[in-house]
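The residues making up each chain are set out below.
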Amino acid sequence: MRVDVDVAIVGSGFAGSLTALALLRRGKRVAIIERGRHPRFVIGESSTPLANLLLEELADTYDLPQLRVFSKWGTWQRSRPDVAGGLKRGFTFFFHRPGEAFADDESHARQLMVAASPHDEIGDTHWYRPDFDQNLVREAEAAGAIYLDETSIDHVDLSTRPSLSGTRNGKAIRINASFVVDASGPRGFLARALNLPAPPLRWLPPTQGIYTHFENVARWDAGGPLQDVGRPSKGRHPYPPDDAALHHIFPGGWIWVLRFNNGITSAGAALTTPVASGFLPPLRFGETRRSLGEGGSRTSLWDAVLDTLPSVRDQFKDARVVAPWVHSPQLAFRTTQVAGPNWALLPSAAGVIDPLLSTGFPLTLLGIYRLLKILEAGPIDGALREYERVTLAELDATEMLVAALYNSMSDVAVFKRLTLLYFAAASFSEAARRLNRPELAPGFLLHAHPVFGPALHACCAIALASPQGRARDELITMIDAAIEPFDIAGLRDRSRRDWYPALAEDLIASASKLHATPGAIDTLLERCGFTDEGPDRSGAARSTAR
Ligand SMILES: Cc1cc2nc3c(=O)[nH]c(=O)nc-3n(C[C@H](O)[C@H](O)[C@H](O)COP(=O)(O)OP(=O)(O)OC[C@H]3O[C@@H](n4cnc5c(N)ncnc54)[C@H](O)[C@@H]3O)c2cc1C
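Residues numbered from 1 in each chain as written. Predicted model: local features only at pLDDT ≥ 70, side-chain atom pairs only at ≥ 80, totals over all residues. Heavy atoms only, no water.

(A) Local environment of the site of the ligand. In the region of the ligand, 30 residues are neighbours, and Glu34, Ser46, Arg129, Ser348 and Phe361 sit closest. The separation between an oxygen atom of the ligand and a polar main-chain atom of Ala15 is 3.1 Å. A distance of 2.9 Å separates an oxygen atom of the ligand from a polar side-chain atom of Arg40. Starting from 1000 Å² of accessible surface for the ligand in isolation, the protein chains cover 88%. Put simply, the parts of the chain that give the shell around the ligand at least two residues each are helix 1 (14–25) and helix 11 (360–377). The biggest single contributor to the shell around the ligand is helix 11, with three residues. Each residue belonging to the shell around the ligand can be placed in one class, and the counts come to 14 nonpolar, 11 polar and five charged. (Near = heavy atom within 4 Å. Polar contact = N/O pair within 3.5 Å; in protein donor to acceptor, adjacent residues only side chain to side chain. Areas by Shrake-Rupley, 256 points an atom, 1.4 Å probe, with all protein chains shown as cover. Helix = DSSP H or I, 4+ residues; strand = E, 2+ residues; numbered from the N terminus. Nonpolar A, V, L, I, M, F, W, Y, C, P; charged D, E, K, R; others polar.)

And the structure:
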């Protein structure tokens with residue numbers, strides 16, 4: 001079989017299919033090559049306001065209204081209830097002391113909740129990838145993509161006219177294309193085929209991951225550990241804590257819990273390798289760690305972690321595993337080469353840092369946007385070199401912040417403060433883009449901003465040095481100073497006791513930081529549905545802030 005196209009995309013995750021859909025809209029002939037078949041289990045599920053805004057922008061730019069509905073919980077639920085997903089109202093953190101049941105006080109010293117939306121209608125989402133990705137690849141096929149699943153490529157030639165050769169259903173196949181996009185994820189197709197260098201990360205220590213999907217995971221906010229804190233008399237949560245990306249943090253690692261509306265919950269742990277090793281029985285001669293986690297046996301890494309976190313163990317006591325366990329002995333990955341004259345890796349193939357802060361989707365979507373512009377104009381060497389530079393710079397900024405957070409998991413106050421660098425940058429970037437002023441927010445995490453970028457770097461560098469005493473207090477002051485010009489969400493207001501609702505008045509009061517008038521912000525909020533709770537007011541009313 002021989003296929004001739006303009007662009008060959010390797011990998012049919014959401015990123016490959018989205019890229020294909022946009023290219024098809026520009027009249028390109030596209031093939032998507034997938035080694036597996038849909039539906040399939042894959043991790044990476046939690047979206048963010050910036051990811052959803054980018055999805056909207058892609059949908060509008062490339063006239064793909066069928067994608068736009070997925071950018072908000074309300075439109076998704078009304079238009080595509082057949083595609084499973086989860087409601088994400090914000091980022092929820094609980095900080096645990098190993099060996100002790102979770103407990104907190106009225107100051108919320110051991111928790112942090114940052115709302116991303118004021119009500120459910122415009123809430124963010126968790127993508128149940130077996131459904132989500134299958135739907136996108138079907139859309140791409142319907143739009144004219146040649147979709148080749150269960151295809152194994154064993155030879156790639158990236159000379160003037162690239163070609164990929166392999167087998168499909170036992171028959172030889174050759175795909176000729178002008179350009180190859182690698183959307184095959186970390187350590188994927190071109191990383192292996194071209195043996196791309198991937199040195200150890202600079203700031204993040206080696207980390208491992210163990211994860212799967214469960215049924216019957218209890219809601220954390222159903223009582224138990226939260227019964228004594230956050231009662232109405234003591235103020236209401238900014239949103240139901242489980243309708244979020246729920247993080248259980250402990251020294252050297254953390255657990256994510258993401259609930260979908262089909263009864264399934266995604267959960268897993270990311271741990272530094274020294275901490276993971278402490279949980280594991282010593283290896284016997286000839287044994288590898290590949291068998292970890294299978295069948296959820298008592299010796300598995302997951303069980304060992306839960307054994308040190310009694311309240312989380314209670315949350316999972318009736319849970320049943322419904323997908324394969326995955327143990328990733330090296331979670332993070334970053335190549336140093338991202339593009340060549342007629343090929344490019346999407347950011348998700350160029351690197352993965354950590355699920356903490358859900359940075360994978362926005363990084364990938366930003367990269368898709370940039371690459372599409374280059375492919376539309378005709379791949380120019382200089383543009384691809386710039387694509388590589390920006391992709392690596394964004395991965396680096398993410399890595400440094402995530403590494404600083406890992407280094408602060410034993411110091412809850414510093415950890416919480418550091419996350420505010422992320423929340424300030426993310427909310428400022430979203431608002432600037434929505435105001436059509438993207439130049440106000442250069443680079444993911446504002447890392448390319450002349451003021452915020454160096455401040456972010458400096459704060460992370462200090463946090464990585466494990467400051468104590470006065471140096472630690474100075475770091476907290478420094479973080480406050482760094483976020484002040486970009487804080488449009490009341491993040492420095494200590495009276496909120498680390499519960500941050502999404503409030504219109506915060507944005508309006510910060511209009512000048514966005515070079516806008518309060519009236520312009522008001523109009524923006526109305527346009528985005530911030531003030532209108534949508535057709536299903538019951539859910540919205542339940543979780544409206546304050
Ligand atoms: C543990 C973990 C948790 C994460 N959680 C989040 C999160 O909550 N939020 C977030 O924003 N990001 C998260 N990420 C990052 C997120 O997973 C990625 O950004 C996202 O999955 C990228 O999607 P993709 O379509 O590029 O790649 P993938 O989803 O990895 O899809 C790649 C596809 O390529 C196919 N493929 C691979 N090799 C080949 C080959 N040689 N030939 C043909 N096909 C091939 C695979 O079968 C697969 O279908 C997480 C990452 C990890 C590791």
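Further notes follow.
(B) Spotlight on the nonpolar core. Among the nonpolar cores identified, the biggest contains 152 residues, and Leu164, Ile175 and Leu421 are the most heavily contacted of them. Counting residues per element, this core draws most heavily on helix 13 (residues 412–434), which supplies 13 residues. Residues within four places of Ile175 in sequence aside, it is in contact with Val3, Val5, Ala8, Ala31, Ile33, Leu148, Ile153, Pro162, Ser163 and Leu164. By size, the runner-up hydrophobic cluster in this structure holds 24 residues, among which are Phe102, Val217, Phe250 and Ala304. (Core = buried A, V, L, I, M, F, W, Y, C linked by side-chain atoms within 4.5 Å. Buried < 20%, exposed > 50% of the residue type's maximum accessible area, 1.4 Å probe, protein only. Contact = heavy atoms within 4.5 Å.)

(C) Representation of empty space enclosed by the protein. In the structure shown here, the tally under the stated rule is one cavity of 30 Å³ or more. Its volume calculated, the largest cavity comes out at about 560 Å³. Lining the largest cavity are 32 residues, with Pro49, Ala116, Ser427, Glu430 and Phe530 positioned closest to its centre. Within the residue set of the lining of the largest cavity, elements represented by two or more residues are helix 2 (49–61), strand 6 (111–115), helix 13, helix 16 (504–509) and helix 17 (518–527). Per element, the largest residue contribution to the lining of the largest cavity is seven residues, and it comes from helix 13. Classifying every residue of the lining of the largest cavity by side-chain character gives 24 nonpolar, three polar and five charged. (1 Å grid on protein atoms, 1.4 Å probe; cavity = no way out; pocket = protein on both sides within 12 Å on 5 of 7 lines; lining within 4 Å. Points joined across faces, edges and corners; volume = space filled by probe spheres on them.)

(D) Structural view of the packing of helix 14 (residues 452–464) against helix 15 (residues 469–483). It is at 10 Å that the axes of helix 14 and helix 15 come closest, and there the two elements cross at 160°. Taken together, the axes of helix 14 and helix 15 lie roughly antiparallel to each other. Considering how the two elements wind past one another, helix 14 and helix 15 form a crossing that is left-handed. Contacts between helix 14 and helix 15 involve Phe452, Ala455, Ala458, Cys459, Ile462 and Ala463 from the first element and Leu475, Met478, Ile479, Ala482 and Ile483 from the second. In terms of residue class, the contact of helix 14 with helix 15 is made up of 11 nonpolar, no polar and no charged. (Axes fitted to C-alpha atoms, helices over the stretch in contact; angles between N-to-C directions. Parallel < 35°, antiparallel > 145°, perpendicular 65-115°, else oblique. Left-handed = near helix turned anticlockwise from the far one by under 90°.)

(E) Structural view of the sheet that holds strand 1 (residues 2–4). Judged by pairing direction, the sheet is mixed, and its four strands sit side by side in the order 1-11-10-9 without closing on themselves. Only two strands of the sheet have a single partner each, and these edge strands are strand 1 and strand 9 (151–157). Each adjacent strand pair in this sheet contributes to an overall mean axis angle of 20°, direction not counted. Pairing of strand 10 (residues 163–168) with strand 11 (residues 171–176), which is carried by six bridges, proceeds in the antiparallel orientation. What sits directly across from Gly166, in strand 11, is Ile173. (Pairing = 2+ DSSP bridges.)

(F) Examining helix 2 more closely. Between its first and last C-alpha, helix 2 extends 18 Å over 13 residues, near the 18 Å set by a 1.5 Å rise per residue. Within helix 2, 11 of the 13 residues are buried, leaving the element largely enclosed by the surrounding structure. Regarding helix 2, the residues found buried are Pro49, Leu50, Ala51, Asn52, Leu53, Leu54, Leu55, Glu56, Glu57, Leu58 and Ala59. Next to the buried residues of helix 2 lie helix 1, helix 3 (65–68), strand 7 (124–127), helix 11 and helix 13. Among the residues trailing helix 2, Asp63 stands out with phi positive, at a value near 50°. (Expected span 1.5 Å × (residues − 1).)

(G) Here's a closer look at the environment of Ala198. On the secondary structure map, Ala198 appears in the loop between helix 6 (189–193) and strand 13 (207–215). Of the residues examined, Ala198 reaches a relative accessible area of 39% and is grouped as partly exposed. Through-space distance from the C-alpha of Ala198 to that of Pro274 is 21 Å; in sequence the pair is 76 residues apart. Once residues within four sequence positions are removed from consideration, Ala198 is found in contact with Phe333, Arg334 and Thr335.

(H) How the structure looks around the pairing of strand 5 (residues 90–95). Most of strand 5 sits out of view: six of its six residues are buried. Pairing between strand 5 and strand 6: five bridges, direction antiparallel. Residue pairing across strands places Phe93 opposite Leu112, the latter belonging to strand 6. In terms of strand pairing, strand 5 meets strand 14 (residues 245–250) through five bridges, oriented parallel. Paired with Phe94 across the two strands is His248, which belongs to strand 14.

(I) Quick peek at the confidence of the model for the chain. The share of residues in the chain with pLDDT of 70 or more is 92%, and the mean pLDDT across the chain is 92. Here residues 230–234 is modelled with pLDDT under 50, and outside its nearest four sequence neighbours on either side it reaches six contacts, counting other chains as well. Counting contacts from residues 537–546, a segment whose pLDDT is below 50, to residues more than four positions away or on other chains yields 29 contacts. (pLDDT = per-residue confidence, 0-100.)

(J) Region of the structure containing the packing of aromatic side chains. Evaluated as defined, the whole model comprises 26 aromatic pairs. On the numbers, 5.2 Å between centres and 75° between planes, the contact of Phe452 with Phe486 is edge-to-face. One end of the pair, Phe452, is in helix 14; the other, Phe486, is in the loop between helix 15 and strand 23 (499–500), and 34 residues separate them in sequence. This pair shows no difference in class: Phe452 is buried, exactly as Phe486 is. An aromatic cluster is present here, built from Phe14, Phe70, Trp76, Trp127, Phe132 and Phe361 joined pairwise through their rings. One cation-aromatic arrangement involves Lys88 over Phe91; the distance from NZ or CZ to the ring centre is 3.9 Å. We note Arg497 situated over the ring of Trp499; from NZ or CZ to the ring centre the distance is 5.9 Å. (Phe/Tyr/Trp six-rings, centres within 6.5 Å; stacked < 30°, edge-to-face > 60°. Lys NZ or Arg CZ within 6 Å of the ring centre and 35° of its normal.)

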